[in-house]
Amino acid sequence: MPKLSELSLYNRFTWSVPLQPSIDPSVGFYDIQPWQFPEPALELIEQMFSEIEEFFRSKNLPLEVVILEIKEVFGRIDISSLTPHSEVIAIFRKYSDLSTEYFD
């Protein structure tokens, strides 16, 4: 099995590719940093994406989630996203909490 990477997860879960907002350069900038997560954290993200897909599939709903960025903040995965579903927000929170064991 090939090693997990940010790109391999984006290829498998195409909806998870971060949305880059268009920002007027005179106001500021927005630059998404590439992931530098350890392999267990990537596996956790893969599980999180699978759980999100399963939530929408089980409810027979279209995927209504936009990811702006996933990064490590204070020793945990931080997911900046937009979704109207509190269940998806709870999934993000759950996996953020689980990720603390993978960062020093």
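The following paragraphs examine the structure supplied in this document. Just so you know, these numbers come straight off a predicted model, no measurement behind them.

Definitions and limits used
Residues numbered from 1 in each chain as written. Predicted model: local features only at pLDDT ≥ 70, side-chain atom pairs only at ≥ 80, totals over all residues. Heavy atoms only, no water. Helix = DSSP H or I, 4+ residues; strand = E, 2+ residues; numbered from the N terminus. Expected span 1.5 Å × (residues − 1). Buried < 20%, exposed > 50% of the residue type's maximum accessible area, 1.4 Å probe, protein only. Contact = heavy atoms within 4.5 Å. Pairing = 2+ DSSP bridges. Arc of directions from axis to C-beta.

Some words on helix α2 (residues 39–58)
Alright, step 1. A rise of 1.5 Å per residue sets the reference length of α2, with its 20 residues, at 28 Å; its end C-alpha atoms lie 28 Å apart and thus fit the reference within 8%.
Alright, step 2. Restricting attention to buried positions, one finds in α2 the residues A41, L42, L44, I45, E46, M48, F49, I52, F55 and F56.
Alright, step 3. Buried residues in α2 make contact with α1 (6–12), β1 (66–73), β2 (76–82) and α3 (86–98).
Alright, step 4. Where α2 terminates, the next one or two residues include N60, which has phi positive at roughly 55°.

What about the pairing of β2?
Alright, step 1. The pairing of β1 with β2 spans 7 bridges and is antiparallel. Across the sheet, the residue bridging to I67 is S81, located in β2.
Alright, step 2. Connecting the antiparallel pair β1 and β2 is a turn made up of 2 residues, with F74 showing a positive phi of about 50°.

Digging into α3
Alright, step 1. Relative to the 18 Å expected for 13 residues at 1.5 Å per residue, α3 spans 18 Å between its end C-alpha atoms, a close match to the ideal helical length.
Alright, step 2. Taken together, the buried positions of α3 are V88, I91, F92, Y95 and S96. With its buried residues spanning 135° around the axis, α3 presents them on a single face. For α3, exposure combined with an orientation more than 90 degrees from the buried face picks out S86 and R93.
Alright, step 3. For α3, the secondary structure elements touched by its buried residues are α2, β1 and β2.

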